[in-house]
Amino acid sequence: MLVPEIALTAQIVGIFRHRFGDKVAVWHSALLPSTRYEQWRKVKSGECPIVIGARSAIFAPVPNLGLIIVDEEHDHSYKQEQGVRYHAREVALMRAKLSGAVVVFGTATPSLDSYYRALKGEWTLLRLTQRVEGKPLPKVRLIDERIAPHRHSELLSDPLLEAMGQALREGEQVILFLNRRGYARVTLCPQCQFTAQCPNCAVTLVYHADGELRCHHCGHRQRHASRCPQCGGAMLVLRGAGTERVEAEVRRLFPKATVLRLDRDAVVSRGEHARILNAFRNGEAQVLVGTQMVTKGLDFPKVTVVGVLNADHALLFPHYRAAEECFQLLTQVAGRAGRGEKPGVVFIQTRFPDHYAIQLAIAQDYPRFFATELPNRRSPAYPPYAHLVEVLTSDPDQNLAKARIKVAAVAFRRAIAMLTAVGVEVLGPSECLLPRLQGRWRYHLLLRSRQRKILHEVVDKGLSLLDAETRSALTVDVNPLQLM
């Protein structure tokens, strides 16, 4: 059984061990090498016929494999983005095919690709039409940030604060979701408009509550300067907000409440993720603030209020899957409310209240979202109507990286001509959306076709036309989820 986050394994393992005893193994990348070897041995020998873990668990040496369950199949975490790139969902399909096993994909918000394949009859579609024990879905309230009152906080609207106060008085719990880490996104000099940039990446540094400026891509850190290094003016911390600032606001507004924060900055040490979740589950804290870590598969019966503080973040991302990701995030985080005896309410704060992804997430109507979003993928063709392959290169020398991707583009266009591959396009080459990361300049191109087989033939042929040095400097990603 696969789960999208390592921290979720403890919750699932507890359920399975209650039913199956010691026959359950745990498998993920955060295990100590000695522990991982011991789990591998127990799985290989058949001592533990059940394996639960994150994406790497799909490679566990389970003998006589009969069933693979992929929980929250839509989740991006199943895609390995570094090293050997793979999608655990696709590996699950191949492993099942080779062993004659059954695959079950579970999610309330299927990826468009998966739902499309199910509607076409490639997979069997099973619909769950109600919650466990018939519990009602939470009510969802839309807060239009353009007109909503914010008398007590810039971040938390008055209706959300009122609901939080009532929930806390009644001994209930609250989850606040903001998909941004740090305290403020940008530090700015109001005189010359200088912003602190990462020396290794083409991004601005994020201000954190400890006074550090950090890069969330390469890990670079430096102290925040009170004076502008360019003109000497006073530097201000004023643009955007992250989870640290939300945490501080909640502590200020509700001083008697215990607040926990769950993001990548809060879980730097091994086991911290599970410790935070267990503390919240045990009632040691009343408010949990976090990034998308708080949206996935968590079951807290006392949570009756969920607040989404910036529903527009995913929508504004320059990607063909932006609306889909927005809908999935909002629907998933809304599902954290009202899972116990008391019904839940969800507040979605947005500046785009009329966008169909937000409106349909409020209605929690996936079929209508699918029907609305699918035509947007038809022309120009994107998945599920087409298949994509990204070819990327990076180098400390910008000119070398640019020249290499141009050579690769010529090779792939030659391959298309040699194979008479009708319908295969080469898009680019171009600079990546994040042109410089970790001191390396990045360029990419996209290969696109409605036919997967011929697309893969073009990739193989194009690579064969390149010398070994150029090939080794290219990263080929089939069906990329991020085009950064």
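This is a predicted model, so every value here is computed, not measured.

### Comments concerning the overall build of the protein chain
Phase 1 of the analysis: Within the protein chain one finds 13 helices and 21 strands.
Phase 2 of the analysis: Compactness check: the protein chain gives a C-alpha radius of gyration of 24 Å against a globular reference of 23 Å for 484 residues, within 12% of the reference.
Phase 3 of the analysis: Dimensions along the principal axes, computed over C-alpha positions, put the protein chain at roughly 70 × 65 × 50 Å.
Phase 4 of the analysis: Total accessible area on the protein chain is roughly 23500 Å²; 52% of this is exposed by carbon and sulfur atoms.

### Focus on the packing of aromatic side chains
Phase 1 of the analysis: In the structure shown here, the tally under the stated rule is 15 aromatic pairs.
Phase 2 of the analysis: Ring geometry for Y37 versus W40: centroids 6.2 Å apart, planes at 20 degrees, classification stacked. Here the residue Y37 and the residue W40 both occupy positions in helix α2 (residues 33–45), the gap between them amounting to 3 residues, near one helical turn.
Phase 3 of the analysis: Here a set of aromatic residues connected by ring pairs shows up, and it is made of Y115, F327, Y356, Y366, F369 and F370.

### Here we look at the sheet that holds strand β16 (residues 303–308)
Strand pairing in a sheet relies on backbone hydrogen bonds, with the paired strands running either antiparallel or parallel.
Phase 1 of the analysis: Ordered by their spatial adjacency, 6 strands build an open sheet running β7-β17-β16-β8-β15-β14, and the pairing between neighbours is parallel. Bordering the open sheet on either side are β7 (139–144) and β14 (259–262), each of which pairs with just one other strand. Taking the axes of each pair of neighbouring strands and ignoring which way they run, one obtains an average angle of 15 degrees across the sheet.
Phase 2 of the analysis: Note: β16 against strand β17 (residues 345–350), 4 bridges, orientation parallel. Across the sheet, V306 pairs through a bridge with V346, a residue of β17.
Phase 3 of the analysis: Lying over the sheet, helix α5 (residues 158–169) contacts β7, β8 (173–177), β15 (287–290), β16 and β17, oriented at roughly 155 degrees with respect to β16.

### Concerning unusual backbone geometry
Phase 1 of the analysis: Residues S379 and P380 are joined by a peptide bond in cis, for which omega reads 0 degrees.
Phase 2 of the analysis: Here P380 lies in the loop between α10 (366–373) and β18 (387–395).
Phase 3 of the analysis: Residues G428 and P429 are joined by a peptide bond in cis, for which omega reads 15 degrees.
Phase 4 of the analysis: Here P429 lies in strand β19 (residues 425–437).
Phase 5 of the analysis: At E72, a residue that is not glycine, the phi angle is positive and equals roughly 55 degrees.

### Some words on the environment of L161
Phase 1 of the analysis: Mapped onto the elements of the fold, L161 is located in helix α5.
Phase 2 of the analysis: Overall, L161 belongs to the buried group, its relative accessible area being 9%.
Phase 3 of the analysis: Along the chain, L161 and L253 lie 92 residues apart, while their C-alpha atoms are 8.7 Å from each other.
Phase 4 of the analysis: Apart from residues no more than four positions distant in its own chain, L161 is found in contact with H152, S153, L156, L253 and F254.

### As for the state of the cysteines
Phase 1 of the analysis: Counting across every chain of the model gives 0 disulfides.
Phase 2 of the analysis: C218 carries a free sulfur, and the closest cysteine sulfur to it, the one in C198, is 3.6 Å from it.

### A closer look at α2
Phase 1 of the analysis: Relative to the 18 Å expected for 13 residues at 1.5 Å per residue, α2 spans 18 Å between its end C-alpha atoms, a close match to the ideal helical length.
Phase 2 of the analysis: Immediately beyond the C-terminal end of α2, within one or two residues, lies G46, with a positive phi of roughly 90 degrees.

### Focus on the side chain of R245
Phase 1 of the analysis: The residue R245 is located in helix α6 (residues 243–253) in this model.
Phase 2 of the analysis: For R245, the contacting residues outside a window of four places in its chain are E154, L155, G182, Y183 and G240.

### Some thoughts on the sheet that holds strand β20 (residues 440–449)
Phase 1 of the analysis: The strand order across the open sheet formed by 4 strands is β19-β20-β18-β21, and the pairing between neighbours is antiparallel. Edge positions in the sheet fall to β19 and β21 (474–478), since each of these pairs with one other strand and no more. For this sheet the average axis-to-axis angle between neighbouring strands, irrespective of direction, equals 25 degrees.
Phase 2 of the analysis: Pairing of β18 with β21, which is carried by 5 bridges, proceeds in the antiparallel orientation. When the bridges of β21 are listed, T393 appears paired with L474.
Phase 3 of the analysis: Contacts from helix α11 (residues 398–419) reach β18, β19, β20 and β21, with the element oriented near 15 degrees to β20.

### Overview of the packing of helix α8 (residues 322–334) against helix α9 (residues 356–363)
Phase 1 of the analysis: Packing of α8 against α9 brings their axes to within 9 Å, and their N-to-C directions diverge by 25 degrees. Between α8 and α9, the interaxial angle falls into the category roughly parallel. Along this stretch, α8 crosses α9, giving a crossing that reads as right-handed. Along the contact surface, α8 presents A323, C326, F327, L330 and T331, while α9 presents Y356, A357, I358, L360 and A361.

### As for the pattern of salt bridges
Should their charged atoms come close, side chains of opposite charge can pair.
Phase 1 of the analysis: A complete count under the given rule lists 33 salt bridges for this structure.
Phase 2 of the analysis: Note that R41 and E38 form a salt bridge whose closest N and O atoms lie 2.8 Å from each other. You can see R41 and its partner E38 sitting in helix α2, 3 residues apart, about one turn around the helix.
Phase 3 of the analysis: Judged by its relative accessible area of 32%, R41 falls in the partly exposed class.
Phase 4 of the analysis: When its relative accessible area of 30% is taken as the criterion, E38 is described as partly exposed.
Phase 5 of the analysis: A salt bridge links D158 to R151, with the nearest nitrogen and oxygen atoms 2.6 Å apart.
Phase 6 of the analysis: D158 gets classed as buried once you look at its relative accessible area, which sits at 9%.
Phase 7 of the analysis: A relative accessible area of 68% places R151 in the exposed class.
Phase 8 of the analysis: Overlapping salt bridges bring together E73, R89, E90, R117, K120 and E122 as one network.

Cut-offs applied
- Residues numbered from 1 in each chain as written.
- Predicted model: local features only at pLDDT ≥ 70, side-chain atom pairs only at ≥ 80, totals over all residues.
- Heavy atoms only, no water.
- Helix = DSSP H or I, 4+ residues; strand = E, 2+ residues; numbered from the N terminus.
- Rg over C-alpha atoms; globule rule 2.2 N^0.38 Å.
- Areas by Shrake-Rupley, 256 points an atom, 1.4 Å probe, with all protein chains shown as cover.
- Phe/Tyr/Trp six-rings, centres within 6.5 Å; stacked < 30°, edge-to-face > 60°.
- Pairing = 2+ DSSP bridges.
- Axes fitted to C-alpha atoms, helices over the stretch in contact; angles between N-to-C directions.
- Contact = heavy atoms within 4.5 Å.
- Buried < 20%, exposed > 50% of the residue type's maximum accessible area, 1.4 Å probe, protein only.
- Disulfide = S-S within 2.5 Å.
- Expected span 1.5 Å × (residues − 1).
- Parallel < 35°, antiparallel > 145°, perpendicular 65-115°, else oblique.
- Left-handed = near helix turned anticlockwise from the far one by under 90°.
- Salt bridge = Lys/Arg side-chain N within 4 Å of Asp/Glu carboxyl O.

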